[in-house]
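An overview of the molecular structure
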Amino acid sequence: MTEEGPAPLVGIIMGSRSDWETMRHAAETLEKLGVPHETKVVSAHRTPGRLHDYAHGARDRGLRVIIAGAGGAAHLPGMAAAMTPLPVLGVPVESHALKGMDSLLSIVQMPGGVPVGTLAIGKAGAINAGLLAAAILALSDPDLARRLDAWRAAQTEGVPEEPA
Ligand code: RP5
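Model, not experiment: these values are computed from the prediction.

Observations regarding the site of the ligand
- Residues in contact with the ligand, as listed here, are M14, G15, S16, S18, D19, S43, A70, G71, G72 and V93.
- Partitioning the shell around the ligand into residue classes produces three nonpolar, six polar and one charged.

Below you can see the structure in the form of structure tokens.
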């Protein structure tokens, strides 16, 4: 659901194509909930101009939430948050060297004044970023709120009582 569908409400950005294996879970979650979104590679250090243009133009293009995933020295979510008033959800991508602890601490330890809503490291964080973005949008979208309720009910239904 990108260029050809309805106008995106959520922008999913990531520092590298290598982050897609993690960040696709945010996109798939939004897809299941019928939330229009777009996905872009936007690196804070390799493509700073692209980040500048993306973040500064995000609200005027109609985006409502940004999900930003990055690994290592993961300044992408914080830099994006510095350049847009939109809520930014940060997903720490698991790094090879430090298993994503570097990503997590880089994203979560924002100084007071420029918030990034930080999720868990890796796939769980990406899924939850999608769910949280949907919950934010659902505050002003009753149809989406119903779809989110149904998704959660189905999740509950899918938990067996017996362990084996
Ligand atoms: C970060 O560096 C990216 O977010 C990625 O997680 C990490 C490694 O990038 P690649 O070297 O795989 O492109 O900017």
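Section: the sheet that holds strand 4 (residues 88-93)
- One open sheet accounts for five strands, arranged 2-1-3-4-5; its pairing is parallel. Among the strands making up the open sheet, the edge pair consists of strand 2 (37-41) and strand 5 (117-118).
- Two elements, strand 4 and strand 5, share two bridges in a ladder whose sense is parallel. By the bridge assignment, L89 is partnered in strand 5 with G117.
- Here helix 4 (residues 101-108) sits on the sheet and contacts strand 3 (65-71), strand 4 and strand 5; the angle it forms with strand 4, its principal contact strand, is near 160 degrees.
- Running at roughly 175 degrees to strand 4, helix 5 (residues 123-138) makes contact with strand 1 (10-14), strand 3, strand 4 and strand 5 of the sheet.

A short note on the UniProt feature "domain: PurE" (unreviewed entry) in the protein chain
- As recorded in UniProt, the sites labelled "domain: PurE" (unreviewed entry) are residues 8-159.
- As annotated, residues 8-159 has a helix share of 46% and a strand share of 16%, and its two end C-alpha atoms lie 32 Å apart.

Let's talk about unusual backbone geometry
- You will see that K99, though not glycine, has its phi angle at about 60 degrees, which is positive.
- Accessibility expressed as a C-beta count within 10 Å gives 12 for K99, which makes it exposed.

Things to note about the packing of helix 1 (residues 20-32) against helix 5
- Two elements in contact, helix 1 and helix 5, have axes whose closest approach is 7 Å; the angle formed by their N-to-C orientations is 30 degrees. Compared by their axis directions, helix 1 and helix 5 come out roughly parallel. Handedness of the helix 1/helix 5 crossing: right-handed. Here T22, M23, H25, A26, T29 and L30 of helix 1 lie close against helix 5, whose contacting residues are K123, A126, I127, A129, G130, L131, A133 and A134.

Topic: the UniProt feature "binding site: substrate" (unreviewed entry) in the protein chain
- UniProt's feature table lists "binding site: substrate" (unreviewed entry) at S16, D19 and R46, given in the numbering used throughout. The greatest C-alpha distance among the annotated residues, which extend across 31 residues, is 14.3 Å, indicating that they converge on a single site.
- Among the secondary structure elements, S16 is positioned in the loop between strand 1 and helix 1.
- On the basis of neighbour count, S16 is assigned to the partly exposed category, with 17 C-beta atoms found within 10 Å.
- Leave out the neighbours within four places in its chain, and S16 touches V41 and S43.
- In this structure, D19 sits in the loop between strand 1 and helix 1.
- Since 25 C-beta atoms lie within 10 Å of it, D19 is described here as buried.

Parameters and conventions
- Each chain carries its own residue numbering, running from 1 in the written order of its sequence.
- This being a predicted model, a pLDDT of at least 70 is required before a residue's local features are given, and a value of 80 or more before pairs of side-chain atoms are given or counted; all residues contribute to the totals for chains, interfaces and linings.
- The criterion for a residue being near a molecule or strand is simple: its C-beta atom, placed using the backbone, must lie within 6 Å of it.
- Three classes are used: nonpolar for Ala, Val, Leu, Ile, Met, Phe, Trp, Tyr, Cys and Pro, charged for Asp, Glu, Lys and Arg, and polar for all others, with Gly counted as polar.
- Between any two strands, pairing holds if DSSP finds at least two bridges.
- In DSSP terms, a helix is any run of H or I states spanning at least four residues, a strand is any run of E spanning at least two, and both are numbered starting from the N terminus.
- In this description, a residue-residue contact is defined by the distance between C-beta atoms placed from the backbone, which must lie within 7 Å.
- For helices, the axis comes from a line fit to the C-alpha atoms of the stretch in contact; other axes are also lines fit to C-alpha atoms, and the angle between any two N-to-C directions lies between 0 and 180 degrees.
- UniProt positions are given in the numbering used here, feature names are shortened, and annotations may be inferred rather than shown by experiment.
- Buried residues are those with 20 or more other C-beta atoms within 10 Å of their own C-beta, exposed residues have 12 or fewer, and partly exposed residues lie in between; C-beta atoms are placed from the backbone.
- Between 65 and 115 degrees an angle is taken as roughly perpendicular, under 35 as roughly parallel, over 145 as roughly antiparallel, and anywhere else as oblique.
- Working rule for handedness: look at the near helix, and if it is turned counterclockwise from the far one by less than a right angle, call the crossing left-handed; if clockwise, right-handed.

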